[in-house]
Amino acid sequence: MFKKNLFTVVTMVLLAALVLAGCGKSNEGASSKNNDTKKEEVNLYTSRHYEVDDKIFADFTKETGIKVNLIKGKEDELIERLTREGKATKGDLFFTSDAGRLHWAKDKDLLQSVESETLNKNIPDNLRDKDNQWFGLTKRARVIVYDQKKVDKSELSTYEALTEDKWKGKVLIRSSENIYNQSLVSSFISLNGKDEAKKWAEGIVKNMARDPQGGDKDQAKGIAAGEGDVAIMNSYYFGQMLNSEDPEEVKVAKQLSVFFPNQETTGTHINISGIGVTKHAKNKENAIKLMEYLSSPKVQEVFAEANYEYPVNKEVEPSELLKSWGPFKEQDLNLSELGENNADAVKIMNEVSWK
Amino acid sequence: MRSQFNSWALLSVIFSILILLPALLIMVQLFAESNENWEHIKEYMLKNYIVNSVTLVSFTGLFTVLIGVSAAWLVSAYKVPMHRFFKWGLILPLAIPPYIGAYTYHGILNYTGVIQTSLRNQFGIKVDQKFFDIMNIPGAVFIFTMFLYPYVYIITKSFLENQSSSLIENARLLGKGSFMTFIQVVLPVSRAAIVGGVSLVILEVFNDYGVVKYFGIQTFSTAIFQAWFGMGDIYSAIKLAGTLMFIVVLILILEKVIRGRKQYSYSTSKVRPLQPKELKGWKKFAVLSFFLSLFALAFAIPFIQLLHWVYMTYDVILSAAFADLIWNSVFVAAVGSLLIIMVALIIANFSRLSKGWTGKFFSKITVLGYSIPGAVIAIGVLTLFLFLDQKVISLYEWLGLEPTLVLSLSISMLIFAYVVRFLAVGFNSIESGFDKVGTVFTEASRTLGMSVTKTFFKVDIKMIKGAIAGGFILVFVDILKELPLTLILQPFNFYTLATKTFQYASDERIHEASVSSMVIICISALSIFFLHRVLEKEPK
């Protein structure tokens, strides 16, 4: 008798554990399902993970009563998840920090068009999708930083110039696996064609001070350590370093300066954080409300101040720090192209052995 | 008697299938026609991936064996000051996930790290960065060795302490010196334990994504992510995962061959534990400094660095939400480990008692989950649950309820994925527990008329209590540290300490990542301390 019970006991326990586990955290979902008065909420898939975002969402809830639920993850994994969930997804919004990935989401038919005068007014044309499937919310520039003592500003001009022999063994940049570098090469494919883009990547690999390693901040530290003279990095990481709680990082940053390349030619490469409503959003109205809120001057100011990103809303000024680096000319590119060229960019980087 | 055995078989089959399903869903796509991307990968990348992965695995394997086995031997055979502490202190590095170890060591060694900063500020010395560069293959081998050697150490140590006393004492009686005893007796007899430990290390290295990504080393796991996400080509990613699985299966077969049919189980209950000898003179000093430096490098130094960063950032990070993080992590880890131990017990018991090939077959299959990268398992599990959900949705619609994703949005999906991924860890522990006690007691009980199931509860389970507790704790710690799978499958508003740590680190905010890192390490360390206590108390 005992033996027969084993099967039952084990099965029951396993089931109970699964059910308990399921209930434990899905209470909220269950209650909203059964109540007639549907709880006001909006579900967000985001690859951004800054305290400032959480704070902004909390303010939004306070003002509107709409609860913001989050799934945070890496952008690619979130896209994969949205694809798999299809019609049944609970996600209403997709928020990520790369235009290429936003374009991918659109390409995979995960997003939908949104008509909103507020958004059209707040966000410039080139920073949003032409079918209004996604909208840029913050900007960051991929700049050159250099050692003030070793490099004179006049020696710097363009990204392309960094491939000249003069910079052999002096350029620091992170690995090809990094999305910001992929988007940078994608932008060159758009602007100059595949062959030129490949030539550039080849030249950079030839001039690298060391095998790519670490993040953007590590490139800046590489300069300070004397491994190289110039580095390509994102503006907002440099901002973070200047305001770091670690005095040594501040020292490093103070040793360096920011240079906006290609001012006479194609402009400095920029990327955005942007957001779009998912194709099968169940809370579309709330989703649009949240997007409009995020593009409003008040919130744009918070973004700009807390994260050293550039606001997209023209009414809002960049933070004092960013202003001190001066205005600059941006790449004139429809940012969708970054996504269109991404696979080619990755291949080019592999072909030239960009690690 | 046949029929009751069948319920064990049936359960084993059901669990094996459940666990295999996600992998199968991935595998069917493995045979899809190769496309342009795959050709590109083959032409430019594959060789590099193989060379790097194999280099990392070989050297890490070699060093973990060297360090793990010699530490295990010295701890079990000799007594030095703080002996009792080292016995479990040397397991502690297991509490530090390699990716956190990598963040921390890079933090210590880089230009703004404590070493170079002190040299610059206090002594005015600016050193060549080359000597402090850890973000390369040798650096990764160092990180993996430091934080994974405990796998070899634990298994070898418990084998030596409990199983080898008569052999070693005989060798001593015959006048062999300690070195020769080690080479001629200890190494050969503990071969199975060593191979068991090092195969865990190897699988961990193959699966690692955090360290290699941070250091910019191209391996199979970075390649899988690159193909899947960089090129948007899941098929090539799956082919890469398949290739990796092939290599891993080869290794597992090799392990079986090396282990041979040797099962060092004692058929008498009179196994005496090994009595450690007191060491004197320079030998005592040498062994003590080996233990001290190992403990410092693999635990104390990174721990102190993290403590310093915690001090810098705790006021920003600590909040009510942080308590949720801790609760979430502990909750999923506990439920996951419990399930794994139950499933592992059933399959292991079935596999050891079945004479034919079926039992062995199931036992090998369930271990495969560990060889598949976490991210790939996550996608397999997601596919499975979405499929089930579609079925449930039709049921819901038929009942007139609002369609919703019950399964794939709940935490049960995440826990199921943990079971698939980590069953091997629990299973290995329980299997080796069974190996150790052998089947004589079971057979005796059966001869006396007890059923398989009754014997299982009355005899078997009691004999391997230590292995069960040990398996539970190892799985618990593994889940607590797990990263890629949790990132992909976490439900809305549900984060764990590991995902939070990764988020900070990938945003290059290592200092902020320290608080959650610290909590992971402390909970794991506590668990490991209990593991040690359990193993100590285990009947010898």
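Residues numbered from 1 in each chain as written. Chains lettered and ligands numbered in written order. Predicted model: local features only at pLDDT ≥ 70, side-chain atom pairs only at ≥ 80, totals over all residues. Heavy atoms only, no water.

### Some details on the nonpolar core
Counting 267 residues, the largest nonpolar core has Leu294(A), Leu90(B), Phe215(B), Leu240(B) and Leu489(B) as the members making the most contacts within it. Two domains each donate at least three residues to this core, and these are domain 1 (41–139 + 271–317) and domain 2 (140–268 + 337–352) of chain A. Setting aside residues up to four positions removed in sequence, Leu90(B) forms contacts with Ala71(B), Val75(B), Tyr149(B), Pro150(B), Tyr153(B), Phe291(B), Leu294(B) and Phe295(B). Counting residues in each nonpolar core, the second largest holds 26 residues, with Leu184(A), Phe259(A), Val352(A) and Trp354(A) among its members. (Core = buried A, V, L, I, M, F, W, Y, C linked by side-chain atoms within 4.5 Å. Buried < 20%, exposed > 50% of the residue type's maximum accessible area, 1.4 Å probe, protein only. Domains from an automatic or database assignment. Contact = heavy atoms within 4.5 Å.)

### Considering a positive patch on the surface
Residues and elements named next belong to chain B. On the surface, Lys 454, Lys 458, Lys 462 and Lys 465 cluster together to form a positively charged patch. Here the element with the most residues in the positive patch is helix H20 (residues 452–463); it accounts for three residues. Checked against the element boundaries, Lys 465 lands in helix H21 (residues 465–481). (Patch = residues over 30% accessible without salt bridge, like charges linked within 9 Å, V, L, I, M, F, W, Y side chains within 5 Å. Areas by Shrake-Rupley, 256 points an atom, 1.4 Å probe, with all protein chains shown as cover. Salt bridge = Lys/Arg side-chain N within 4 Å of Asp/Glu carboxyl O. Lys, Arg positive; Asp, Glu negative; His and termini not counted. Charge placed at Lys NZ, Arg CZ, Asp CG, Glu CD. Helix = DSSP H or I, 4+ residues; strand = E, 2+ residues; numbered from the N terminus.)

### Points about the packing of aromatic side chains
Residues and elements named next belong to chain B. Inspection of every chain in the model, using the stated rule, returns 30 aromatic pairs over all chains. Taking the centre distance of 6.5 Å and the plane angle of 55° together, the rings of Tyr 105 and Phe 147 count as tilted. Of the two residues, Tyr 105 sits in helix H5 (residues 98–109) while Phe 147 sits in helix H7 (residues 137–163), which places them 42 residues apart along the sequence. Note on accessibility: Tyr 105 and Phe 147 belong to one class, buried. In textbook terms, an aromatic cluster arises when at least three aromatic residues are bridged by ring pairs, as seen for Phe 85, Phe 86, Trp 88, Phe 290, Phe 291, Phe 295, Phe 299, Phe 303, Phe 529 and Phe 530. (Phe/Tyr/Trp six-rings, centres within 6.5 Å; stacked < 30°, edge-to-face > 60°.)

### Here we look at the interface of chain A and chain B
On the side of chain B, 82 residues touch chain A, which itself brings 74 residues to the contact. Overall, the association of chain A and chain B removes approximately 7,000 Å² of surface from exposure, summing both partners, and the carbon and sulfur fraction of that is 59%. With a closest N to O distance of 3.1 Å, Arg120(B) and Glu248(A) form a salt bridge. Joining chain A to chain B, the criterion identifies 17 residue pairs in polar contact (both at pLDDT 80 or more). Here the side of chain A that touches chain B takes 15 residues from helix H1 (residues 2–34) of chain A, the largest share from any one element. Taken together, the residues of the side of chain A that touches chain B break down into 26 nonpolar, 17 polar and 31 charged. (Buried area = accessible area lost by both parts, 1.4 Å probe. Polar contact = N/O pair within 3.5 Å; in protein donor to acceptor, adjacent residues only side chain to side chain. Nonpolar A, V, L, I, M, F, W, Y, C, P; charged D, E, K, R; others polar.)

### Some thoughts on the UniProt feature "binding site: Fe cation" (unreviewed entry) in chain A
The UniProt feature table records "binding site: Fe cation" (unreviewed entry) at His49(A), Tyr236(A) and Tyr237(A). For this annotated set, covering 189 residues, all C-alpha atoms fall within 14.3 Å of each other, a compact arrangement in space. Relative to the elements of secondary structure, His49(A) occurs in the loop between strand E1 (41–46) and helix H2 (51–64). Setting aside residues no more than four positions away along its own chain, His49(A) makes contact with Lys72(A), Gln503(B), Ser506(B), Asp507(B) and Arg509(B). Setting aside its immediate chain neighbours within four residues, Tyr237(A) contacts Arg174(A), Tyr180(A), Asp216(A), Lys217(A), Ser506(B), Asp507(B) and Glu508(B). (UniProt positions renumbered as here; feature names shortened; annotations may be inferred.)

### Things to note about the pairing of strand E7 (residues 256–259) of chain A
Residues and elements named next belong to chain A. Burial along E7 is two-sided: Leu 256 and Val 258 facing one way and Ser 257 and Phe 259 facing the other are all buried. Pairing between strand E4 (residues 135–147) and E7: four bridges, direction antiparallel. When the sheet's bridge partners are listed, Tyr 146 is paired in E7 with Ser 257. (Pairing = 2+ DSSP bridges.)

### Some thoughts on the domain arrangement of chain A
Residue and element names in this part refer to chain A. Looking at chain A, the domain boundaries give domain 1 (41–139 + 271–317) and domain 2 (140–268 + 337–352). Summarising the inter-unit geometry, the C-alpha centres of domain 1 and domain 2 are found 28 Å apart. Of the roughly 1,400 Å² buried between domain 1 and domain 2 on both sides combined, carbon and sulfur atoms contribute 52%. On the domain 1 side of the contact with domain 2, His 103, Asn 271 and Tyr 308 bury the most area, a combined 37% of that side's loss. Between Glu 309 and Arg 140 there is a salt bridge, with its nearest N and O atoms 2.8 Å apart. At the boundary of domain 1 and domain 2, one finds six residue pairs in polar contact (both at pLDDT 80 or more). Secondary-structure elements contributing two or more residues to the side of domain 1 that touches domain 2 are helix H4 (99–107), E4 and strand E8 (270–277). At five residues, the largest contribution of residues to the side of domain 1 that touches domain 2 is made by H4. When the residues that make up the side of domain 1 that touches domain 2 are grouped by side-chain class, the tally is five nonpolar, seven polar and six charged.

### With respect to the side chain of Lys87(B)
One can find Lys87(B) in helix H4 (residues 83–89). Apart from residues no more than four positions distant in its own chain, Lys87(B) is found in contact with Val75(B), Tyr153(B), Lys157(B), Glu161(B), His532(B) and Glu536(B).

### Concerning the packing of H2(A) against helix H12 (residues 297–307) of chain A
Residues and elements named next belong to chain A. Packing of H2 against H12 brings their axes to within 10 Å, and their N-to-C directions diverge by 160°. With respect to H12, the element H2 is oriented roughly antiparallel. Note on packing geometry: the crossing formed by H2 with H12 is right-handed. In this structure, H2 contributes Val 52, Asp 53, Ile 56 and Glu 63 to the contact, and H12 contributes Lys 298, Val 299, Val 302, Phe 303, Ala 306 and Asn 307. Its residues assigned to classes, the contact of H2 with H12 comprises six nonpolar, one polar and three charged. (Axes fitted to C-alpha atoms, helices over the stretch in contact; angles between N-to-C directions. Parallel < 35°, antiparallel > 145°, perpendicular 65-115°, else oblique. Left-handed = near helix turned anticlockwise from the far one by under 90°.)

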